[in-house]
Amino acid sequence: MKKGILYLNQFFGQIGGEDKADYAPAIKEGVVGAGLLLNNLLEDAEITHTLICGDNFMGSNQDEAVEKLLGFLEDKEFDIFFAGPAFQAGRYGNACGVICKAVKEKFNVPVITSMHEENPGVDMFKKDVYIFKGGDSAAKMRKDMPKMAKFGNKLLKNEEIKGAEVEGYYPRGIRFEVFLDDETPACDRAIDMLLKKINGEPFVSELPIPELDRVPIAPAIKLADAKIALVTSGGIVPVDNPDKIQSSAATRWGRYSIANLERLGNKAEGAFKTIHAGYDPAAADADPNVVLPLDALKAYEKEGKIGSIHDYYYATVGTGTAEGEAKRMALEIIEYLRNDGVDAVILTSC
Amino acid sequence: MVKEIEKAGITVVQMANLIPVSKTVGANRMVPTISIPYPLGDPKTPKEEQWKLRYHRVGVALDALATEIEDQTVFEV
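Residues numbered from 1 in each chain as written. Chains lettered and ligands numbered in written order. Predicted model: local features only at pLDDT ≥ 70, side-chain atom pairs only at ≥ 80, totals over all residues. Heavy atoms only, no water.

Helices and strands together make up the secondary structure of chain A, namely 11 helices and 12 strands. With the C-alpha coordinates of chain A rotated into their principal frame, the extents come out at 70 × 60 × 30 Å. For chain A, the residues scored as buried account for 48% of the 350 residues in total. When contacts within chain A are restricted to residue pairs at least 6 apart in sequence, long-range pairs at least 24 apart make up 71% of them. For chain A, the accessible area works out to roughly 17,100 Å², and carbon and sulfur atoms hold 49% of it. (Helix = DSSP H or I, 4+ residues; strand = E, 2+ residues; numbered from the N terminus. Buried < 20%, exposed > 50% of the residue type's maximum accessible area, 1.4 Å probe, protein only. Contact = heavy atoms within 4.5 Å. Areas by Shrake-Rupley, 256 points an atom, 1.4 Å probe, with all protein chains shown as cover.)

Every contact between the two is made by 57 residues of chain A and, on the other side, 54 residues of chain B. The junction of chain A with chain B conceals about 4,700 Å² of combined surface from both sides, 66% of it contributed by carbon and sulfur atoms. Its largest share of buried area at the contact with chain B, chain A owes to A:Val215, A:Ile217 and A:Leu347, together 14% of the area lost on that side. Seen at the junction of chain A and chain B, the total is 5 salt bridges. Close ionic contact of A:Asp295 with B:Arg54 constitutes a salt bridge, the shortest N to O distance being 2.6 Å. (Buried area = accessible area lost by both parts, 1.4 Å probe. Salt bridge = Lys/Arg side-chain N within 4 Å of Asp/Glu carboxyl O.)

This part takes up the environment of B:Ala64. Counting through the fold element by element, B:Ala64 comes out in helix H3 (residues 47–65). Every residue in contact with B:Ala64, bar those within four places of it in the chain, is listed here: B:Val13, B:Arg29 and B:Phe75.

Once that is clear, we can look at the domain arrangement of chain A. Residue and element names in this part refer to chain A. Considered domain by domain, chain A is made up of domain 1 (2–167) and domain 2 (223–348). For domain 1 versus domain 2, the separation of C-alpha centres amounts to 34 Å. The partner domain 2 presents 8 residues to the 5 residues of domain 1 that form the contact. Applying the counting rule to domain 1 against domain 2 returns 0 salt bridges. Inspection of the region where domain 1 meets domain 2 yields 2 residue pairs in polar contact (both at pLDDT 80 or more). (Domains from an automatic or database assignment. Polar contact = N/O pair within 3.5 Å; in protein donor to acceptor, adjacent residues only side chain to side chain.)

Pairing in this open sheet of 7 strands is mixed, and the strands run S9(A)-S11(A)-S7(A)-S12(A)-S1(B)-S2(B)-S3(B) from one edge to the other. Strands at the two margins of the open sheet, each flanked by one partner only, are strand S9 (254–257) of chain A together with strand S3 (73–74) of chain B. Sheet analysis places strand S7 (residues 227–232) of chain A next to strand S12 (residues 344–348) of chain A, joined by 5 bridges and oriented parallel. Counted as the bridge partner of A:Ile228 is A:Ala344 from S12(A). Along the sheet face, helix H10 (residues 294–303) of chain A touches S7, strand S11 (308–315) and S12 of chain A and points at about 165° away from the line of S11(A). The sheet contacts of helix H11 (residues 323–339) of chain A involve S7, S9, S11 and S12 of chain A, and relative to S11(A) the element is tilted by about 165°. (Pairing = 2+ DSSP bridges. Axes fitted to C-alpha atoms, helices over the stretch in contact; angles between N-to-C directions.)

With that settled, consider unusual backbone geometry. All names here are of chain A. A cis amide bond, omega 10°, links Gly-84 with the succeeding residue Pro-85. With respect to the helices and strands, the residue Pro-85 is situated in the loop between strand S4 (80–83) and helix H4 (90–107). Backbone geometry at Gln-14 places phi at a positive 65°, although glycine is not the residue there. Tracing the chain through its elements places Gln-14 in the loop between strand S1 (2–9) and strand S2 (26–29).

What follows covers H3(B). The terminal C-alpha atoms of H3(B) lie 27 Å apart, and with 19 residues this matches the ideal 27 Å at 1.5 Å per residue to within 8%. Looking at the buried positions of H3(B), the neighbouring elements they touch are S7, H10 and S12 of chain A together with strand S1 (11–16) and strand S2 (29–32) of chain B. (Expected span 1.5 Å × (residues − 1).)

Residues and elements named next belong to chain B. Every second residue of S2 is oriented toward a common face, with Arg-29 and Val-31 on one face and Met-30 and Pro-32 on the other, all of them buried. Pairing of S1 with S2, which is carried by 3 bridges, proceeds in the parallel orientation. Each bridged residue has a counterpart across the sheet, and for Gln-14 the counterpart in S2 is Met-30. In this region the chain leaves S1, passes through helix H2 (residues 19–25) and returns to the parallel neighbour S2; the handedness of that crossover is right-handed. In this sheet, S3 lies alongside S2 in parallel orientation, the contact comprising 2 bridges. Directly across from Arg-29, in S3, lies its bridge partner Thr-73. In this view, the connection linking S2 to its parallel neighbour S3 by way of H3 has left-handed handedness. (Right-handed = clockwise from strand over helix to strand, strands pointing away.)

A word on the environment of A:Leu212. Relative to the helices and strands, A:Leu212 resides in the loop between helix H8 (186–198) and S7. The exposure class of A:Leu212 is exposed, given its relative accessible area of 69%.

Turning our eyes to something else, we now look at the state of the cysteines. Enumeration over the complete set of coordinates arrives at 0 disulfides over all chains. Take A:Cys53: it sits in no disulfide, and the sulfur closest to it among the cysteines is that of A:Cys96, at 11 Å. (Disulfide = S-S within 2.5 Å.)

Our next topic: a nonpolar patch on the surface. A contiguous nonpolar patch, built from A:Ile191, A:Leu194, A:Leu195 and A:Ile198 and spanning about 410 Å² of accessible area, is present on the exposed surface. Within the fold, A:Leu195 resides in helix H8. (Patch = residues over 30% accessible without salt bridge, like charges linked within 9 Å, V, L, I, M, F, W, Y side chains within 5 Å.)

All names here are of chain A. Bridging between strand S5 (residues 111–115) and strand S6 (residues 130–133) involves 4 bridges; their strand directions are parallel. In the strand pairing of S6, Ile-112 is matched with Tyr-130. For the crossover that starts at S5, traverses helix H5 (residues 120–125) and ends in the parallel S6, the hand is right-handed.

Put into structure tokens, the structure is as follows:
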């Protein structure tokens, strides 16, 4: 029987929630949590060990985390490696990609994970790792895990792999040779496409060129007379959350006055707190300036390093937020920034 | 969000912990922070140390706004 190893974060590894996101790398024998499902789905293989690491530990101490996790695997025999699924969780997607890539490089076994298309981990790692197209939340576990397992079974049995589109993983940018049933040669297909293009008819390219969505770099500013605004996706709001911004998958944002403040007061003082559901709120509730650094920016204003601070800050929650919503909210915020003559923005993210 | 702000011609710097994510998303000026739940001040350290770290990194972010760049740039802290 073949052997597999699975990587999970602190949540799916049943260590705990956001308060355990700093959990240091660990290895457990057998299956834990979501691993049970994967183990049941594997046909001629079993999950012998489970690696677990907190998402924040991986995010903030990546080299150390990878070194420890690879160290755990050195004396283990395994034929395949799985991670996740990570759904739309950005930090978890990053972690799954990082560990899959590292395991593949060191042990040369196939590595498989799964993420929602808006998970930034997809673009970061799709070239190196089989990443299956997954759902946006853990509710899709029963759909996403079988896709990983099915493909794993295929690889372990050395069955023919038919490329990204057929198998269901994100294209890795590797060209895959196929022979068409009707044997139309490439030159004929190219001419057919060209004729269709000339005639204004629809056609499908066989070699889509990936588009890199980059924006032109804005010019440097002169700090001494600049008006600087603070914007955050870290969910810092007045304690009563007057705009009812959602704790995840936000569609709302807020604009809050800081005109007469030297620093952000905390939750205990009845001033500001975080409503972000994607990280442990304890530190931000105790001192919101660790997320929205008004106190430090004020110091620079007093020293004359910057001209002034915009009278309002802007906040939303950046976990599970759809790209389209983020874009719309940004455009709405930009209206205010423009009207108030803001020269530059410090955007803080958690 | 960072991209839309820059597209609007407003100079922007992103302070974030997961810099590889910022790069992939397409931020141009980036300054690393120390963690996700407390980007600019570790609550396990004295208040004074938190302040020093925050003051320093916000200073780096301001200098980033005042620096002309040709490519995506992560500013050293």
